[in-house]
Amino acid sequence: MNQEIWTSVDDYFTELFAQEDDVLKTVLRNSAVEGLPPYQVSPCQGKFLQLLIEIQNSKRVLEIGTLGGYSTIWMSRALGVNGLIVTIEAVEKHAAVAAQNFELARQSNKISLIHDDAKNALQRMINDGNEPFDLIFIDADKPNNLVYLDLALQLSRPGTIIVGDNVVREGEVTNQNSSDDKVRGVRKYCQGLSENPLLNSTAIQTVGSKGYDGFTLTVVKEGESTSHPVQD
Ligand code: DHB
Ligand code: MG
């Protein structure tokens, strides 16, 4: 088993279930031309996020880590006319490319793009008493995953779905001595999920066009949401 077969199977399922239209292809091309890292979700993963939104009938979505906005557009397309995605991007260049992509995809009316450090942006929303989100996609810098989770929980309600991307990292997640900050970050995140009595979680390993990785899926249980910091 190797990358070649994972990619060809992903291509097979993409053709059947998650074909990209010209807009999504152009969005990806824009992002590549502008030099953004190719970290966006795969088409089948974009479709998976769409299906979660459809299953939950989500109205308010929070995305932490916009990059070029590819996943944002997949999710935005699944929202009804009254739906809203707040998406946060710290890197100015990424936010600028994403803003162009949202215009191109004619989704700007459903997307609120915040160019700021996610900690600041989330804290501001908490202070402003923002309405809770139905679905939260955490896909930003991995070392801060748990910080983002704790803040995002203050913007959640019982029943909020939380997806955390890239928690497997080619299997390195099991290496408790890893010196890789991203691995350490996802380990802390997974530990935090596991230890939080208000959260009900699982993790799914994936292979595909993006290699060997995986995601966590969490639902906020009934009961008051609160942050739950975990020490190193
Ligand atoms: C990385 C980040 C991502 O969001 C992703 O989907 C894949 C890789 C990374 O930082 O390595
Ligand atoms: Mg990711």
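Provided above is the structure to which this section pertains.
Calculation notes
- Residues numbered from 1 in each chain as written.
- Chains lettered and ligands numbered in written order.
- Predicted model: local features only at pLDDT ≥ 70, side-chain atom pairs only at ≥ 80, totals over all residues.
- Heavy atoms only, no water.
- Pairing = 2+ DSSP bridges.
- Helix = DSSP H or I, 4+ residues; strand = E, 2+ residues; numbered from the N terminus.
- Axes fitted to C-alpha atoms, helices over the stretch in contact; angles between N-to-C directions.
- Buried < 20%, exposed > 50% of the residue type's maximum accessible area, 1.4 Å probe, protein only.
- Parallel < 35°, antiparallel > 145°, perpendicular 65-115°, else oblique.
- Contact = heavy atoms within 4.5 Å.
- Nonpolar A, V, L, I, M, F, W, Y, C, P; charged D, E, K, R; others polar.

Novice: Help me understand the pairing of strand β6 (residues 199–208) in this model?
Specialist: Consecutive side chains along a regular strand alternate between the two faces of the sheet. Sheet analysis places β6 next to strand β7 (residues 211–220), joined by 10 bridges and oriented antiparallel. Paired with Gln205 across the bridge in β7 is Gly214. In sequence, β6 turns back onto β7 through a hairpin of two residues.

Novice: I tried to follow the sheet that holds strand β3 (residues 111–115) on my own but got confused; where do I start?
Specialist: Within a sheet, adjacent strands bond to each other through the backbone by hydrogen bonds, running parallel or antiparallel. In space, the seven strands of this open sheet follow the order β3-β2-β1-β4-β5-β7-β6, with mixed pairing throughout. The two strands at the open ends of the sheet, each matched to only one other strand, are β3 and β6. Pairs of neighbouring strands in the sheet enclose a mean axial angle of 15°, with direction left out of account. In this structure, strand β5 (residues 161–165) lies alongside β7, joined through five bridges in antiparallel fashion. Across the sheet, the residue bridging to Val163 is Leu217, located in β7.

Novice: Mind showing me how you'd approach unusual backbone geometry here?
Specialist: Leaving glycine aside, a negative phi is the common case for residues, and trans is the common case for peptide bonds. With phi around 65°, Asn166 is a residue other than glycine that occupies positive phi space. One can find Asn166 in the loop between β5 and α8 (181–195). The class for Asn166 is buried, based on a relative accessible area of 8%. At Glu170, a residue that is not glycine, the phi angle is positive and equals roughly 55°. Looking at where Glu170 falls in the secondary structure, it is placed in the loop between β5 and α8. Residue Glu170 is classed as exposed on the basis of its relative accessible area of 65%.

Novice: Please explain the packing of helix α6 (residues 118–127) against helix α7 (residues 145–153) as it appears in this structure.
Specialist: Helix packing geometry: the angle between the two helix axes and the distance between the axes. Look at α6 against α7: their axes get within 9 Å of each other, and the N-to-C directions meet at 10°. The orientation of α6 with respect to α7, classified from their angle, is roughly parallel. Listed contacts from α7 to Ala118, Lys119, Leu122, Gln123 and Ile126 of α6 are Val147, Tyr148 and Leu151. When its residues are assigned to classes, the contact of α6 with α7 shows six nonpolar, one polar and one charged.

Nothing here speaks to function; it is all geometry.
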